[in-house]
Amino acid sequence: MTETTHDDCTTCEWLAREAERTAKRQGRDHWVSTTEVHGITHTARYQEES
């Protein structure tokens, strides 16, 4: 499951995919990715569903 700070945001959607890939690559069940673009903070959270 992924959650993002902004609905219909391409930056947040990209971060969500990266959070999931990174978590799986690192062998973790969760990951948070954050970036700032033009003064706006974008965050995506991935949590493996059980």
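Everything here concerns the structure above.
For clarity, every value in this text was computed on a predicted model and none was experimentally measured.

*Asks:* Explain helix α1 (residues 10-26) to me, please; I cannot follow it from the model alone.
*Replies:* Think of an α-helix as 3.6 residues a turn; residues three or four steps apart then line up on the same face. Relative to the 24 Å expected for 17 residues at 1.5 Å per residue, α1 spans 24 Å between its end C-alpha atoms, a close match to the ideal helical length. Within α1, the full set of buried residues consists of C12, L15, A16, A19, T22 and A23. End-on view of α1: buried residues confined to an arc of 135°, all on one side of the axis. Facing away from the buried surface of α1 by more than 90 degrees, the exposed residues are T10, K24 and R25. In this structure, the buried residues of α1 make contact with β1 (2-4), β2 (30-37) and β3 (40-47). Looking at the residues trailing α1, positive phi occurs at G27, about 70°.

*Asks:* In this structure, what is going on with unusual backbone geometry? I would like to understand it.
*Replies:* Both trends apply: most residues other than glycine have a negative phi, and most peptide bonds are in trans. The phi dihedral of D8 is positive, around 55°, even though this residue is not glycine. Here D8 is to be found in the loop between β1 and α1. You will see that H38, though not glycine, has its phi angle at about 50°, which is positive. Residue placement: H38 occurs in the loop between β2 and β3. The exposed category is assigned to H38, whose relative accessible area is 81%.

*Asks:* Please explain the side chain of T43 as it appears in this structure.
*Replies:* By the element assignment, T43 lies in strand β3. We classify T43 as buried; its relative accessible area is 9%. A distance of 3.4 Å separates polar atoms of two side chains, one belonging to T43 and the other to T34. Excluding residues within four positions of it along the chain, T43 makes contact with E3, T4, T5, C12, L15, V32, S33 and T34.

Rules used throughout
- Numbers given to residues run from 1 along each chain, matching the order in which its sequence is written.
- Whole-chain, interface and lining totals are the exception, using all residues; otherwise, since this is a predicted model, local features are given only for residues with pLDDT of at least 70 and side-chain atom pairs are given and counted only at 80 or more.
- With hydrogens and water set aside, each side-chain value is computed from the structure's full complement of heavy atoms.
- Strands here are runs of E lasting at least two residues and helices are runs of H or I lasting at least four, both read from the DSSP assignment and numbered beginning at the N terminus.
- Given the number of residues in a helix, its expected span is that number minus one, multiplied by 1.5 Å.
- The cut-offs for exposure are 20% and 50% of the maximum accessible area for each residue type, with area from a 1.4 Å probe on protein chains only; residues under the lower value are buried, those over the upper are exposed, and the others partly exposed.
- The directions from the helix axis to the C-beta atoms form the arc being described.
- In this description, contact between two residues means that some pair of their heavy atoms is separated by no more than 4.5 Å.
- Pairs of N or O atoms within 3.5 Å make up the polar contacts considered here, provided that, within protein, one atom can donate a hydrogen while the other can accept it, and that residues adjacent in sequence are counted only when both atoms are side-chain atoms.

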